[in-house]
Amino acid sequence: MGFLSSTFPTLVVLLYLLACAASGQLSANFYSTTCPNVQTIVRSAMAQAVAKEPRMGASILRLFFHDCFVNGCDGSILLDDTPTFTGEKSAGPNANSARGFDVIDTIKSQVEAACNATVSCADILALAARDGVKLLGGPTWTVRLGRRDARTASQSAANSNLPGPGSSLSTLISMFSNKGLSARYMTALSGAHTIGQAQCQFFRGRITGGDTNINASFAAVRQQTCPKTGGDSNLAPIDVQSPIMFDNAYYQNLVGQRGLFHSDQELFSGGSQDSLVRLYSTNGAKFAADFAKAMAKLGNLSPLTETNGEVRLNCRKVN
Ligand code: HEM
């Protein structure tokens, strides 16, 4: 065998590895020597949290989305406000709504006890979101690791980058496209609304006459706990069929005009996503596969790596 033919494959592999390291990419085995048990620790802590309150799987998944969409998956949403710093927790889409911070704290202290100052809060959130979905019956995926934690957070970016429940289809498509996510990914990721709860103030308009593309008996049921005035924080399941089961019922609801938010129903309202919604509504396996792929992509949004950022010791404050 000639020199080139025997060494070329090795060279290609070496160059690839070098390129990965140089470009600061995430990798599945990032902690395999420094914290080999991190995945087990996160999984069992999430299993406990979800057993205590199934909704927690949903709350952590939403935290991860809100982290990644605001300057990347860098744990910035986890920072508490201080007298001299106003972060993302108090931004419009998060205030009195984002939850699960105490669960992340619990996991972080268990991970710190096993591997001090090694695993970032951003990576813990990525793993916990994946595990919550799986624990509620959804798909799983490989989480690539090596994210580092931001030393700052942006309230203004949180206010402007996250979609709201009144968003139109074109706004949703452009907000996701701003993050490099196609309309197809947007529609797949929206399937996260197959789990969790929402406050009346976010869907009142839709169920009290604001929307015509709504099933009348569904609207009537929702109005019982979400009246025209008052009860702003009363909760309703986002998926009327199976709110603690990660399945494709969300899309079936949309086809039946039982989407809870105006923004949900926009995905099935005679526009470009109708056929994909129909496909997911009848093919749960296709939805599960696309959701897993989209979550991996969401988790890759502008991570801080290598010497950027830090590994926070307490997820609520910078070191
Ligand atoms: C497409 C645009 C989206 C809009 C407009 C939107 C909006 C909302 C709103 C208004 C709530 C209710 C919050 C509350 O009542 O306190 C909510 C809940 C939730 N969202 Fe979204 N969301 C979107 C996309 C996503 C994505 C991409 C994910 C995850 C991949 C996600 C996961 C969740 C989950 C799991 C909940 C329930 C949280 C809980 O029960 O604590 N959402 N969303």
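Note that residues are indexed from 1 along each chain, following the sequence as it is written. Whole-chain, interface and lining totals are the exception, using all residues; otherwise, since this is a predicted model, local features are given only for residues with pLDDT of at least 70 and side-chain atom pairs are given and counted only at 80 or more. To obtain the side-chain values, all non-hydrogen atoms of the structure were used and water was disregarded.

As for the packing of helix H2 (residues 38–52) against helix H4 (residues 101–114)
Phase 1 of the analysis: At a minimum axis distance of 10 Å, the contact between H2 and H4 shows a crossing angle of 150°. Crossing of H2 against H4: the hand is right-handed. Here Val38, Ile41, Val42, Ala45, Met46 and Ala49 of H2 lie close against H4, whose contacting residues are Val103, Ile107, Gln110, Val111 and Ala114.
Phase 2 of the analysis: Basically, the charged four are Asp, Glu, Lys and Arg, the nonpolar ten are Ala, Val, Leu, Ile, Met, Phe, Trp, Tyr, Cys and Pro, and anything else, Gly included, counts as polar. For the contact of H2 with H4, the per-class residue count stands at ten nonpolar, one polar and no charged. For helices, the fitted line uses only the C-alpha atoms of the stretch in contact; every axis is such a line through C-alpha atoms, and the angle between N-to-C directions lies from 0 to 180 degrees. Helix and strand assignments come from DSSP, with helices taken as H or I runs of at least 4 residues and strands as E runs of at least 2, each series counted from the N terminus. Crossing chirality is assigned from the near helix's rotation relative to the far helix, an anticlockwise turn below a right angle marking it left-handed and a clockwise turn marking it right-handed. Any two residues whose heavy atoms approach within 4.5 Å are treated as being in contact.

Topic: the state of the cysteines
Phase 1 of the analysis: In plain terms, two cysteine sulfur atoms within 2.5 Å form what is called a disulfide here. Enumeration according to the criterion identifies four disulfides in this entry.
Phase 2 of the analysis: Sulfur-sulfur distance for the disulfide between Cys35 and Cys115 comes to 1.9 Å. Residues Cys35 and Cys115 share a disulfide whose torsion about the S-S bond is about 65°; that sign makes it right-handed. Separated by 80 residues along the polypeptide, Cys35 in the loop between helix H1 (3–22) and H2 and Cys115 in the loop between H4 and helix H5 (121–135) bring together distant segments of the chain.
Phase 3 of the analysis: Residue Cys121 pairs covalently with Cys315 via a disulfide, S to S 2.1 Å. Here Cys121 and Cys315 share a disulfide; its torsion about the S-S bond, -95°, makes the bridge left-handed.

Regarding the coordination of the iron atom of the ligand
Phase 1 of the analysis: Each metal's donors are the N, O and S atoms within 2.8 Å of it, or within 3.2 Å when it is Na, K or Ca, and because water is not part of the set, sites may look incomplete. Among protein residues, the single donor to the iron atom of the ligand is His193 (NE2), with a metal-donor distance of 2.1 Å.
Phase 2 of the analysis: Position of His193 relative to the elements: it lies in the loop between helix H8 (183–190) and strand E1 (197–199).

Topic: the site of the ligand
Phase 1 of the analysis: Residues are classed as near a molecule or strand on a simple rule: at least one heavy atom within 4 Å of it. Not every one of the 26 residues close to the ligand is listed here, only the nearest: Arg55, Ser59, Ser97, His193 and Gln199.
Phase 2 of the analysis: Residue Arg55 places a side-chain N or O atom 2.7 Å away from an oxygen atom belonging to the ligand.
Phase 3 of the analysis: Polar contacts, as used here, are pairs of N or O atoms within 3.5 Å; protein pairs need one atom able to donate a hydrogen and one able to accept it. Residues neighboring in sequence count only if both atoms are side-chain atoms. One of the side-chain nitrogen or oxygen atoms of Ser59 is found 2.6 Å away from an oxygen atom of the ligand.
Phase 4 of the analysis: Of all the elements in the fold, those that place two or more residues in the shell around the ligand are helix H3 (55–68), helix H7 (169–177), H8 and E1.
Phase 5 of the analysis: Per element, the largest residue contribution to the shell around the ligand is six residues, and it comes from H3.
Phase 6 of the analysis: Among the residues forming the shell around the ligand, the class breakdown is 14 nonpolar, nine polar and three charged.
Phase 7 of the analysis: Where each domain begins and ends follows an automated or database-derived domain assignment. Summarising the domain contributions, the shell around the ligand has at least three residues from each of domain 1 (38–162) and domain 2 (169–297).

Quick notes on the packing of H8 against helix H13 (residues 274–282)
Phase 1 of the analysis: One way to put it is that H8 packs onto H13 with a least axis distance of 11 Å and a crossing angle of 40°. In terms of orientation, H8 and H13 fall into the oblique class. Considering the relative orientation of H8 and H13, their crossing is right-handed. On the side of H8, the interface is formed by Arg184, Thr187 and Ala188, while H13 contributes Leu276, Val277, Leu279 and Tyr280.
Phase 2 of the analysis: Tallied by class, the residues present in the contact of H8 with H13 amount to five nonpolar, one polar and one charged. Here roughly perpendicular refers to angles of 65 to 115 degrees, roughly parallel to angles under 35, roughly antiparallel to angles over 145, and oblique to all remaining angles.

Some thoughts on the domain arrangement of the protein
Phase 1 of the analysis: Partitioning the protein into domains gives domain 1 (38–162) and domain 2 (169–297).
Phase 2 of the analysis: Taking only C-alpha atoms into account, the centre of domain 1 sits 22 Å from that of domain 2.
Phase 3 of the analysis: Taken residue by residue, the interface counts 20 residues in domain 1 and 18 residues in domain 2.
Phase 4 of the analysis: As a working definition, buried area equals the accessible area (1.4 Å probe) given up by two parts on being put together, with both sides summed. Summed over both partners, the interface of domain 1 with domain 2 comes to about 1600 Å²; 75% of that surface belongs to carbon and sulfur atoms.
Phase 5 of the analysis: Summed over the three residues of domain 1 that lose the most area to domain 2, namely Arg55, Phe69 and Leu136, the buried surface amounts to 33% of that side.

Quick notes on H13
Phase 1 of the analysis: Relative accessibility under 20% of the residue-type maximum defines a buried residue, over 50% an exposed one, and the middle range a partly exposed one, all with a 1.4 Å probe and only protein chains included. All of the buried residues along H13 are Asp274, Leu276, Val277, Tyr280 and Ser281. Down the axis, H13 shows its buried residues gathered within 165° of arc, on one side only. Those residues of H13 that are exposed and aimed more than 90 degrees away from the buried face are Ser275 and Thr282.
Phase 2 of the analysis: Considering only its buried residues, H13 is in contact with H8, helix H11 (249–255) and helix H14 (284–298). This arc corresponds to the set of directions leading from the helix axis out to the C-beta atoms.

Observations concerning the side chain of Arg204
Phase 1 of the analysis: As for its position among the elements, Arg204 is in helix H9 (residues 204–210).
Phase 2 of the analysis: In this view, Arg204 contacts Cys226, Pro227, Lys228, Thr229, Gly230, Gly231 and Asp232; residues no more than four positions away in its chain are not counted.

Concerning the environment of Cys68
Phase 1 of the analysis: Topologically, Cys68 is positioned in helix H3.
Phase 2 of the analysis: Judged by relative accessible area, which is 1%, Cys68 ranks as buried.
Phase 3 of the analysis: C-alpha separation for the pair Cys68 and Ser97, spaced 29 residues apart in sequence, amounts to 17 Å.
Phase 4 of the analysis: Non-local contacts of Cys68, meaning those with residues more than four positions away in its chain, are made with Cys73, Leu298, Gly299 and Leu301.

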